[in-house]
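Single-letter residue listing:
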Amino acid sequence: MTEKLWDTNPQKFEELFDRYSDYPKGIIIKIATMIWGVRFSPSLFKTEQMQKANTARYFIFSFDMEKTDDMDEELGKIPTYFRLKNIDNHRLGPVVQVRPKNNSPYFFELINGKMMLCEQFPDDKEPKAIVEIEFDPKPDFNDKTDSKGEPFTNNASLIFWGEQLYCCLLRACQYWQGDLQCKFCDLNSIVINLRKQGINMPATKTPELLVEAIKAAQEEKENHLQVIFLSGGAVLDKIQGMGGLEWYMRFPEAIKNNFGRRYATHLQTVALPYDKCVELFEAGVDIHEANLEVWEPHLFKWICPGKEKYVGRDEWIKRLIKSVDAFGMGNVVPVFVQGVEMAQPYGFKEVDAAVESTLNAWDYLMSYGVTPRFDIWALEAGSSLWESQQDFYPPPIDYFLKTTRGAYDLLRKHHLPVARGYVGGSGGYGVHMFGQTAQWDFDEGVRYIKRDGSDAEGGEQE
Ligand code: SF4
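The structure contained in this document is the topic of the report that follows. (Residues numbered from 1 in each chain as written. Predicted model: local features only at pLDDT ≥ 70, side-chain atom pairs only at ≥ 80, totals over all residues.)

1. A closer look at the site of the ligand
Selection criterion: Whether a residue is near a molecule or strand depends on its C-beta atom, generated from backbone atoms, being within 6 Å of that molecule or strand. Classification used: nonpolar for Ala, Val, Leu, Ile, Met, Phe, Trp, Tyr, Cys and Pro, charged for Asp, Glu, Lys and Arg, polar for all others including Gly.
Neighbouring the ligand are Cys-173, Tyr-175, Gln-181, Cys-182, Cys-185, Leu-187, Gly-233 and Ala-234. Across the shell around the ligand, the residue classes break down as 6 nonpolar, 2 polar and no charged.

Written out as structure tokens, the structure is:
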């Protein structure tokens, strides 16, 4: 029997609010609903609010913490994101990614015409309404088809209230060929699972279809498009007869040739040598994300065996730091999977040690002008970690709260900008709109909160 290192059960919001009374409620809710998931009652799908919600959520990983077979009713009907309203004395609060989980105590319910996030635990007689929310609205884009007659949503998702177009260019990472995929990742498996359910996601995209999708996004009644986010799997050998970089480069070039440098264009690839980064920048990439995922050498080797084998951790870090000279400060944004360094058996067993490791890593990278970001770890059913982490997922919420506020504090310590090209611009509570991390939901007004109305003590200030 496996030793259980911490309590992985969801917790009541009132208890969390009391225990973490110096954190904004909105940030606690964001993290709690992302690590413990949310559920949807079948009747909710009939409401007008749900029918007007954006459901184009399979734009890269699934973020589904259930096997697709257990979700067949809801698959394709679940919204992408929701936004908290009227919270922490703010009209709008953080934007949160929807992560479905059938047995979560957190759920949505329509109460007096308002969509509410609610909770009900086994010892509760009645459900309890926590906060009003609104879903990311469905854009007209979702009902349109491209020149091949396929829904645009097979190729791209227009998300975050129309501000960002996300296109996963290659939904087949070649690290999976040798079973060297990152252990938290379900990129290749989700495509196969979705096809079984009739949701057809082509493995490769073309620059022509991407340009068509951008033009379709520009036709929205309220056109808010600002960010084009391009991602995809690693290429070891050739793809469609081209080397990986040559293949990927065609997409930012097509954007630049058609739209100039109007949109902040992100591209996620493996870490690249400096001269290749310069080529990418000149091709039209504004923000480069070569995701390091996890810091400690032994964990990188375990969690990211493909990255370790084909680039190596030290070389990856060297390339990240040098690439700031190509893209500029605030434009090199390696993702860390927040929480995966507590995966077992090799991960940290103590919260404080894990927090210290992560924040020391970020301090080091930020001292060179790199601006990392988190993706809060979702234990996806199609990932290699699914079976082995059932007793350990999620790590304690303390870990997520401490690393999130620590990330904000480090940004201030190093006088760095909020990473460029993210929805909601300069960040701040109720302004920032990126749903996968809460690090930019902090600002000086909510860094420490005192709920009884007295002055916040604010802890140690840089
Ligand atoms: S590089 Fe890792 S995280 Fe990215 S797609 Fe491949 S296996 Fe998944």
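Read on for the rest.
2. Description of the pairing of strand S2 (residues 90-97)
What counts, and what does not: Pairing between two strands is assigned when DSSP locates at least 2 bridges connecting them. In DSSP terms, a helix is any run of H or I states spanning at least four residues, a strand is any run of E spanning at least two, and both are numbered starting from the N terminus.
With 5 bridges connecting them, strand S1 (residues 81-87) and S2 associate as antiparallel partners. Paired with Lys-85 across the strands is Leu-92, a residue of S2. Hairpin connection from S1 to S2: 2 residues lie between these consecutive antiparallel strands, with Asp-88 at a positive phi of about 50°.

3. Concerning the sheet that holds strand S7 (residues 164-170)
Definition in use: Lines fitted to C-alpha atoms define the axes, with helix axes restricted to the stretch in contact, and inter-axis angles between N-to-C directions lie between 0 and 180 degrees. The contact criterion used here is simple: two residues whose C-beta atoms, placed from the backbone, lie within 7 Å are in contact.
Taken together, 5 strands build an open sheet; the order of strands is S6-S7-S8-S11-S12 and the sheet is mixed. What marks the edges here is a single partner per strand, and that holds for strand S6 (157-159) and strand S12 (287-289). Neighbour to neighbour, the strand axes of the sheet diverge by 20° on average, direction disregarded. In this sheet, strand S8 (residues 227-232) lies alongside S7 in parallel orientation, the contact comprising 6 bridges. When the bridges of S8 are listed, Leu-170 appears paired with Gly-232. Contacting S6, S7 and S8, helix H5 (residues 207-218) runs over the sheet at an angle of about 165° to S7. Against the sheet, helix H6 (residues 244-259) makes contact with S7, S8 and strand S11 (264-268), and its axis sits at roughly 175° relative to S11, the strand it touches most.

4. Observations concerning the environment of Met-329
Turning to its location among the elements, Met-329 is positioned in the loop between helix H10 (313-327) and strand S13 (335-338). The contacts of Met-329, once residues within four sequence positions are left out, are Val-324, Gly-369 and Leu-416.

5. A short note on the nonpolar core
Applicable threshold: For our purposes the nonpolar core covers buried Ala, Val, Leu, Ile, Met, Phe, Trp, Tyr and Cys residues that link as a set through C-beta atoms within 7 Å. Buried residues are those with 20 or more other C-beta atoms within 10 Å of their own C-beta, exposed residues have 12 or fewer, and partly exposed residues lie in between; C-beta atoms are placed from the backbone.
In terms of nonpolar packing, the biggest core is built from 134 residues, with Ile-31, Leu-165, Ala-213, Val-294 and Leu-320 touching the most fellow members. Setting aside residues up to four positions removed in sequence, Ile-31 forms contacts with Ile-376, Ile-397, Phe-400, Leu-401, Thr-404 and Ala-438.

6. Some remarks on the pairing of strand S14 (residues 373-376)
Spelled out, the test is: By definition, the crossover connecting two strands over a helix is right-handed if that path, from the first strand to the second, turns clockwise as seen with the strands pointing away from the viewer.
Judged by which residues are buried, S14 turns out to be covered on both faces: Arg-373 and Asp-375 on one side and Phe-374 and Ile-376 on the other are all buried. Bridge count for S13 against S14 is 4 bridges, and the pairing is parallel. Looking across to S14, one finds that Val-337 is bridged to Asp-375. Taking the sense of rotation as the criterion, the β-α-β connection linking S13, helix H11 (residues 351-366) and S14 turns out right-handed.

7. So, the environment of Lys-114
Relative to the elements of secondary structure, Lys-114 occurs in strand S4 (residues 114-119). In sequence terms Lys-114 and Ile-133 are 19 residues apart; their C-alpha atoms lie 7.9 Å from each other.

8. A short note on H10
Just so we agree on the cut-off: To estimate the expected span of a helix, subtract one from its residue number and multiply by 1.5 Å. Bending is quantified residue by residue as the angle between axes fitted to the seven-residue window ending at that residue and the seven-residue window starting at it.
Here H10 is 15 residues long and its end C-alpha atoms lie 21 Å apart, about the 21 Å a rise of 1.5 Å per residue gives. Remark: the principal bend of H10, roughly 25°, maps to Ile-321. In this fold, the buried residues of H10 make contact with helix H7 (274-283), S12, helix H8 (297-303), helix H9 (305-310) and H11. A positive backbone phi angle near 95° is found at Gly-328, which sits one or two residues after H10.

9. As for unusual backbone geometry
The omega torsion across Gln-344 and Pro-345 is 20°, close enough to zero to call that bond cis. Mapped onto the elements of the fold, Pro-345 is located in the loop between S13 and H11. Residue Pro-394 is reached from Tyr-393 by a cis peptide bond, and omega for that bond is -5°. Turning to its location among the elements, Pro-394 is positioned in the loop between S14 and helix H12 (397-413). Here Phe-160, not a glycine, exhibits a phi torsion of approximately 55°, which is positive. In this structure, Phe-160 sits in the loop between S6 and S7. For Trp-161, which is not glycine, the phi dihedral falls at a positive 55°.

10. With respect to the sheet that holds strand S3 (residues 106-111)
Where strands meet in a sheet, backbone hydrogen bonds hold them as pairs that are either parallel or antiparallel. Reading across from one edge, S2-S1-S5-S4-S3 is the order of the 5 strands in this open sheet, with antiparallel pairing throughout. Because the sheet does not close on itself, it has two edges, and the strands there are S2 and S3. When the angles between neighbouring strand axes are averaged without regard to direction, this sheet yields 40°. Pairing of S4 with strand S5 (residues 128-135) involves 4 bridges; the strand directions are antiparallel. Residue Glu-119 lies in a different strand from S5, and its bridge partner there is Lys-128. Where helix H2 (residues 25-36) meets the sheet, its contacts fall on S1, S2, S3 and S5, and the angle it forms with S2 comes to roughly 20°.

11. Examining the packing of H11 against H12
Heads up, the rule is: By the definition adopted for this analysis, an angle is roughly parallel if under 35 degrees, roughly antiparallel if over 145, roughly perpendicular if from 65 to 115, and oblique otherwise. Handedness of a crossing is defined here by the sense of rotation of the near helix relative to the far one, left-handed for an anticlockwise turn of less than a right angle and right-handed for a clockwise turn.
Across the interface, H11 lies against H12 with an axial gap of 10 Å and an inter-helix angle of 20°. Here H11 lies roughly parallel to H12, going by the angle between them. Between H11 and H12 lies a crossing of right-handed hand. Contacts from Val-351, Ala-354, Val-355, Thr-358, Leu-359, Trp-362, Asp-363 and Met-366 in H11 reach Asp-398, Tyr-399, Lys-402, Thr-403, Gly-406, Ala-407 and Leu-410 in H12.

12. Concerning H2
With 12 residues, H2 extends 16 Å from end C-alpha to end C-alpha; this agrees with the ideal 16 Å at 1.5 Å per step. The buried count for H2 comes to 12 of 12 residues, which makes it a mostly enclosed element. The set of residues buried in H2 consists of Lys-25, Gly-26, Ile-27, Ile-28, Ile-29, Lys-30, Ile-31, Ala-32, Thr-33, Met-34, Ile-35 and Trp-36. Of the residues trailing H2, Gly-37 is marked for its positive phi of about 75°.

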